[in-house]
Structures are given as C-alpha cells and as structure tokens.
Amino acid sequence: MTKPPPVPLARAATRVRTALQGLTRRMVPPEVGVLEVMSSFMATHATYALTRVGAADALASGPRTAAEVAAEAGTDPDATYRLLRACAGHGLLTRSGDRFALTPLGRALVSQHPGSMRPVVLMIGDPRYQAVWGQLPEAVVTGTPRAEAVHGVSMWELLDREPDYAAVFDDAMTRLTALDWPTVAAAYDFTPYGVVVDVGGGHGQLLASVLGVAPAARGVLLERPALLPHAERHLREAGVLERCRLVGGSFFDTAPDDGDLYVLRRVVHDLDDEQAVAVLTTLRAHTPAGATLVLMESVVPPDGGPHFATSLDLDMLLFVGGRERTEQEYAALLERAGFRLTRVVPTVSTVSLVEARPVT
C-alpha cells in the first residue's frame, strides 16, 4: 500500500466523490436510480466470480481473449466472455477488440498481487455470507441476528463447524487488518508505550505490526487458547516473539494487569451494548491507573453522512448482533465501564482510534 494521504485531503476527496455520485443520481429519473441501486448486487457477484473461478489470475500476465482465459481457468468459453464483458463494465477490466486486460482495480483481485483483496472478495461473495444478508428484512423486524436462522448455528459456531469457511474468514480478517495498518501507523504514535496488550488479537498480526514500529515495547496477546499456536507461529515469523507473552483466556473474564496500552481492534463492534460494557468493565478491573485504552473501530459520523460504518453496522446486526457506534455512543459505553474518552483519531481508512483512560 502506498503512503496514505493526509486525513483532511482524503476527507475532501470523499466529499467530492459523494457529491458527484449524488449529482449523477439526480440526473436520471428516480425509477432508473432505484434500478441502478438494486442491481448493484450484480457487480458483487461478477467480481466474486471473476476471482473465484481464477479468471483474474489468468489475466495477471497480460491481455488475453476470453477463450484463452477459459482454457486456463477451466471454464466455459462463452460464459467466460460474458463475465469478462460485464466486469469491463464495472471497471475491473478493459477491452480492446477481443482481448481483455486488468485495470488497477482488477489487479487487486490477483492472488499474488501485493495488495490483493482476493481474500475479502472470497468472504463477501461466499454463498454462506450472502445468504445471511438475504435475511435483512427479518433482522429489521426482529432486531436480532439471522445467521442462526440461515445456518442453524451462530456465526461463531458456523466457523467452528465449517473449517473451509473459517479459513476464508480468517484470511479476509488478516487482509483487512493489513489494509488498516498503514493508516493507523500514520495517525497514531505507539512508541511511548512500554507494554502493549492486544486484547482478542487473533493470530497476533496487529501486535506484530505495533511492535514493528515500537521497537522498545514488549507485547502481550490475550486470546482463546485454541488460537495461541497460530499466533505464536505468526509472531515468530514476524521476528517479535521474544518480546511477547501469550495469555490464554476470554476477554469477558480476564485481562493482563501490566499493560501501558490496551488495544482492541474491531472487538467492541461485535457486541451489543451490555456485552460491550461487560468486556470493558472486566478490562477496567485489570487496567493500571496510568494506562491508555484504544478501540480501533469504524465510527459513525454524527451527521449521518455517507460512511462505510453505516453499512458495516447492518453487517453486525445480521451476523452477531453487534453494532457500529458514534463518538457519543462510545463515550457513554466507556463511562459505564469506568473509562473516560479522551479523543477520537481518524485515519484515511474506515477505522478510527477511540482513545480512553481509566477514571480514577
């Protein structure tokens, strides 16, 4: 990923893009605008298919015909041509005569591309993910998650039951962490902290990144015991294991007592308000008086303007019963748990850093 632009510049660009999108929609009859909004799901499925069947990888070496792509991908030539033609309309490919080539957007779907979004595309396009989104009307009526209604078990149980989907999910989460990290590192200084505790840190990717920019710091990873061997391997490969301590446990029940900085990346948004307060209260009981807490979350704009957080909020509703929150809502949760919100640090990506300190 290239160096992130300054946050004010990125926000100005987003406002311009949003204004242009709004202008485009006002230039067509409302009926046409509704059709365009409703048919946007087709772009999702076309992008998933281009990635899933290997057509994007087949184009990685340069322009090719649909027949050549089909021969490499093992797909039907006519159907492949129709898919490539549609993806060209979505800006993923260009077309010159009978040959198709990847655009910069399409190149991000290639397996070996340094900034590949392939893992995220494979998660979002997976039928098991899409089926839950089909339950959005029911979720709005009931106010409850719908993964169990579709799959017979909760989202977390589904990942335990179906290892292939768990692997897709883990790969996507790893990629999204990597996507956020350069913008987080550009916005927040981790060097003042001597002991960094990653609460619910999964495979340790975030902790490894933090220790990479804070070479004097030591790290502590709190995670379920089953995930610790994976985390140990990742931290060793990152060259920081000798500076880390791995702690098995649930953040509902415990936390390390010796941190200077406690970090939770996209943990609180998985939880409803009562669950979130319970986790934060447990954390407060183990947080030293002078320590800092940072929640890495998408923060909903107070004015209700366009933001990825509002769509992700529906995702949380559907899958786990969690929610995205405004700055004021985070302040209220933190206050209930014994913390005081000190600031919200925006980044160029969809994540912000909600910083707080214990109330003493």
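Look a little higher up for the structure.
None of these values were measured; they are calculated from a predicted model. (Residues numbered from 1 in each chain as written. Predicted model: local features only at pLDDT ≥ 70, side-chain atom pairs only at ≥ 80, totals over all residues. Heavy atoms only, no water.)

**Structural notes on the sheet that holds strand S3 (residues 99-102)**
Sheet strands line up and pair through hydrogen bonds in the backbone, either parallel or antiparallel.
(1) Moving on: Here three strands make up an open sheet; going across it, the order is S1-S3-S2 and the pairing antiparallel. Across the chains shown, the open sheet's two edge strands, defined by having one partner strand only, are strand S1 (64-65) and strand S2 (93-96).
(2) Moving on: Contacting S2 and S3, helix H6 (residues 77-89) crosses the sheet at an angle of about 110° to S2. (Pairing = 2+ DSSP bridges. Helix = DSSP H or I, 4+ residues; strand = E, 2+ residues; numbered from the N terminus. Contact = heavy atoms within 4.5 Å. Axes fitted to C-alpha atoms, helices over the stretch in contact; angles between N-to-C directions.)

**Here's the deal with the pattern of salt bridges**
(1) Moving on: Under the counting rule described, the total for this entry stands at 16 salt bridges.
(2) Moving on: Taking the shortest distance from any N to any O, the salt bridge between Arg128 and Glu162 comes out at 2.7 Å. Within this pair, whereas Arg128 is found in helix H9 (residues 127-133), its partner Glu162 is found in the loop between helix H12 (155-161) and helix H13 (163-187), the two being separated by 34 residues in sequence. Just as Arg128 is buried, Glu162 falls in that class too.
(3) Moving on: Residue Glu162 is joined to Arg161 by a salt bridge in which the shortest nitrogen-to-oxygen separation is 3.0 Å.
(4) Moving on: What makes Glu162 buried here is its relative accessible area of 17%. (Salt bridge = Lys/Arg side-chain N within 4 Å of Asp/Glu carboxyl O. Buried < 20%, exposed > 50% of the residue type's maximum accessible area, 1.4 Å probe, protein only.)

**Observations concerning the packing of aromatic side chains**
(1) Moving on: What the rule picks out here adds up to six aromatic pairs.
(2) Moving on: Taking 6.4 Å as the distance between ring centres and 85° as the angle between the ring planes, the aromatic pair formed by Trp156 and Phe169 counts as edge-to-face. Pair noted here: Trp156 is in helix H12 and Phe169 is in helix H13, with a separation of 13 residues, a long-range link.
(3) Moving on: According to the relative accessible area criterion, Phe169 is buried, its value standing at 15%.
(4) Moving on: Centroid distance Phe251 to Phe252: 5.4 Å. Interplanar angle 45°. Geometry classified as tilted.
(5) Moving on: With a relative accessible area of 36%, Phe252 lands in the partly exposed category.
(6) Moving on: Taken together, the aromatic side chains of Trp181, Tyr188 and Phe190 make up a single cluster linked through ring pairs. (Phe/Tyr/Trp six-rings, centres within 6.5 Å; stacked < 30°, edge-to-face > 60°.)

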